[in-house]
Amino acid sequence: MTFKATFLFLAAAGMVLGAAPSAHGFCRTMTGREPGDSDQTNRCSSWKEQEQNACCPYGKPLFWRNACVGFSLQKNASRQVSLSDAERVFKRAFGTWTATTCSLNGTPVGRVSMDVSYLGAVECNKVEFNDDAPNQNVIIFRDSGWTHLDPSATLGLTTVRYDTDTGEISGADMEINGAQSKPLSVSDAPPAGAVDLLSIATHEAGHFLGFAHSTVADATMYATYFGVGMRDLSPDDSTGICNVYKPDQNHGTGDGLVRASTCDPTPAHGYMTTCADNLSIEGGGCAVPPSRSDSSVLTAVWSVLSALSLLLLRRLRTARAVRRDIDGR
Ligand SMILES: [Zn+2]
């Protein structure tokens, strides 16, 4: 019997946890749960990397074992963005990560060992993961309302399903907030006042691949939107993807390196285009309460947010100035 402990973690008010932070750049999403933890609390759920200037240290880092992962788009896309434009944008966003060439001591050693392929448009418009049915890793535009936290300041949210013992990811879904006040742009040069979908997509793709927010202010994985500069990976993001999905086909886990599985982008338990509704976390609630059973398999759902607001943009400028000064950049 599968022990299913389901959590939904949304961005919460900053809470300083007790561990001594260490300076870092890119951060991986962590299980937030140590082996001896008796409850189901994710100790990283309220960790804010840019405020701590450190990655959350609890548990094991998340990773995909597969060499290939598939994603789909919800067929209706958005009132603001056609399906074909969305396909183009998200293919490019994932491709930005997976095309990264890694170097060792300045010498290129090859491309990262991860591909993300587009499997097509799907009917399902829910964030769900099915333990007993096929799945889809779907990207959904939320045009008619954002039911997660901070609807006016949030641009996207990626929900990753992973094993809380190992950190292995089994599924990921992405939601884009089309209901916030700033128009979504798919132009090469977004007009003033609009937000760049490709930047949002590239950031959320990093979450999809298992990364948390970076402490580096010009990184794509910085928590605060800063425009088209997020379309391309910073050296910090590139270091991150190369560190986890190594060119030699090994993927970095909390238990050492694991050889990537043969390329197969089929989602867990097969691919289907409709929802199965075994687990729906749409609306931000826990659909499956934690419960005890006799299995050692623990799975959990984790969500991460990226946010946009004028207040945050001002804070970003301050943070950048301070950090540039400290780093001498
Ligand atoms: Zn984010």
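Residues numbered from 1 in each chain as written. Predicted model: local features only at pLDDT ≥ 70, side-chain atom pairs only at ≥ 80, totals over all residues. Heavy atoms only, no water.

Within an unreviewed UniProt entry, the label attached to the chain reads Matrixin family metalloprotease, and the organism entered is Pendulispora rubella.

1. Focus on the overall build of the chain
Using the following cut-off: Under the DSSP-based scheme used, a helix requires at least four consecutive residues in state H or I and a strand at least two consecutive residues in state E, with every element numbered from the N terminus. Only protein chains enter the area calculation, which uses a 1.4 Å probe; residues under 20% of their type maximum are buried, those over 50% are exposed, and those in between are partly exposed. Every accessible area reported is derived by Shrake-Rupley at a probe size of 1.4 Å, with residue values counting cover from the shown protein chains alone.
Each helix and strand counted, the chain has five helices and 13 strands in total. Residues classed as buried in the chain amount to 54% of the 329 residues present. Here the chain has roughly 13600 Å² of accessible surface; of this, 52% comes from carbon and sulfur atoms.

2. Remarks on the confidence of the model for the chain
Rules: pLDDT is a per-residue confidence score from the predictor, ranging from 0 to 100. A contact between two residues is defined here by any heavy atoms of the two lying within 4.5 Å.
In the predicted model, the chain carries a mean pLDDT of 80, and the fraction of residues at 70 or more is 77%. Contacts from residues 1–23, a stretch scored under 50 in pLDDT, to residues over four places away or in other chains number 80 contacts. The low-confidence segment residues 278–329, where pLDDT is below 50, has 160 contacts with residues more than four positions distant or belonging to other chains.

3. A few points about the packing of aromatic side chains
Condition: Two rings from Phe, Tyr or Trp (for Trp, the six-membered ring) form a pair when their centres sit within 6.5 Å of each other. Planes less than 30 degrees apart are called stacked, planes more than 60 degrees apart edge-to-face, and all others tilted. Geometrically, a lysine NZ or arginine CZ counts as sitting over a ring once it is within 6 Å of the ring centre and also within 35 degrees of the ring normal.
As enumerated under the stated definition, the model contains seven aromatic pairs in all. A network of ring pairs unites the aromatic residues Trp64, Phe71, Phe94, Tyr118 and Phe208 as a single cluster. Its end group placed over the ring of Tyr58, Arg43 keeps NZ or CZ at 4.2 Å from the ring centre.

4. Some points on helix H3 (residues 197–208)
As a reminder of what qualifies: Multiplying 1.5 Å by the helix residue count minus one yields the expected span of that helix.
In this model H3 runs 16 Å from its N-terminal to its C-terminal C-alpha over twelve residues, within 8% of the 16 Å that 1.5 Å per residue would give. Summarising burial for H3: twelve of the twelve residues are buried, a large majority. Here H3 has its buried residues at Leu197, Leu198, Ser199, Ile200, Ala201, Thr202, His203, Glu204, Ala205, Gly206, His207 and Phe208.

5. Brief notes about the pattern of salt bridges
Where charged atoms from two side chains of opposite charge come close, those side chains can pair. Heads up, the rule is: Put simply, a salt bridge is a Lys or Arg side-chain nitrogen that is within 4 Å of an Asp or Glu carboxyl oxygen.
Enumeration according to the criterion identifies nine salt bridges in this entry. Between Glu123 and Lys75 there is a salt bridge, with the nearest N and O atoms lying 3.1 Å from each other. Of this pair, Glu123 sits in the loop between strand E5 (115–122) and strand E6 (138–142) while Lys75 sits in the loop between strand E2 (68–74) and helix H2 (83–98), placing them 48 residues apart in sequence. Residue Glu123 is classed as partly exposed on the basis of its relative accessible area, which comes to 44%.

6. A look at the nonpolar core
The condition that has to hold: Think of a nonpolar core as a cluster: buried Ala, Val, Leu, Ile, Met, Phe, Trp, Tyr and Cys residues, connected wherever their side-chain atoms sit within 4.5 Å.
Counting 51 residues, the largest nonpolar core has Phe90, Phe141 and Tyr245 as the members making the most contacts within it. Within the residue set of this core, elements represented by two or more residues are E2, H2, E5, E6, strand E7 (154–163), strand E8 (169–177), H3 and helix H4 (235–244). Leaving out residues up to four positions away in the same chain, Tyr245 has contacts with Phe63, Trp64, Val112, Ser113, Met114, Leu209, Phe211, Asn250 and His251. Residues Met30, Trp47, Cys56 and Tyr58 belong to the second largest nonpolar core, which totals six residues.

7. As for the environment of Asp236
Tracing the backbone shows Asp236 in helix H4. For Asp236, a relative accessible area of 13% puts it in the buried group. The spacing of Asp236 and Ser214 is 22 residues in sequence and 8.1 Å in space, taken between C-alpha atoms. Ignoring anything within four residues of it in the chain, the contact list for Asp236 reads Gly25, Phe26, Ser214, Val216 and Ala219.

8. Focus: the side chain of Arg231
Rules: N or O atoms within 3.5 Å of each other form a polar contact, as long as, within protein, one can give a hydrogen and the other can take it, and as long as residues adjacent in sequence are counted only when both atoms are side-chain atoms.
Within the secondary structure, Arg231 is located in the loop between H3 and H4. Polar side-chain contacts of Arg231 include one of 3.0 Å to the backbone oxygen of Asp188. With residues up to four places along the chain from it excluded, the contact list for Arg231 reads Thr96, Ser187, Asp188, Pro190, Asp196, Leu198, Ser199 and Thr202.

9. With respect to the pairing of strand E12 (residues 256–259)
Test applied: Any two strands with at least two DSSP bridges between them are considered paired.
With four bridges connecting them, strand E11 (residues 250–253) and E12 associate as antiparallel partners. Within the sheet, the bridge partner assigned to His251 lies in E12 and is Val258. If you look at the hairpin formed by E11 and E12, you'll find two residues sitting between the two strands.

10. Observations regarding the pairing of E8
Of all nine residues making up E8, eight are buried, and the element is well covered by its neighbours. Bridge count for E7 against E8 is seven bridges, and the pairing is antiparallel. Within the sheet, the bridge partner assigned to Thr159 lies in E8 and is Asp173. The antiparallel hairpin formed by E7 and E8 contains five residues in its connecting segment, where Gly167 sits at a positive phi of about 85°.

11. Observations regarding the state of the cysteines
The following threshold applies: Any cysteine sulfur atom paired with another within 2.5 Å is treated as part of a disulfide.
By the definition in use, this model includes five disulfides. For Cys27, the disulfide goes to Cys55, at an S-S distance of 2.0 Å. Looking along the S-S bond of the Cys27-Cys55 disulfide, the torsion reads about -85°, which is the left-handed sense. Placement of the pair is Cys27 in the loop between strand E1 (3–4) and helix H1 (49–52) and Cys55 in the loop between H1 and E2, with a sequence separation of 28 residues. You'll find Cys27 and Cys55 in the same group, each marked buried.

12. Considering unusual backbone geometry
Here the phi dihedral of Gln249 falls at roughly 75°; this positive angle occurs in a residue that is not glycine. Residue Gln249 is classed as partly exposed on the basis of its relative accessible area of 33%. With phi around 65°, His269 is a residue other than glycine that occupies positive phi space. Among the secondary structure elements, His269 is positioned in the loop between E12 and strand E13 (298–307).

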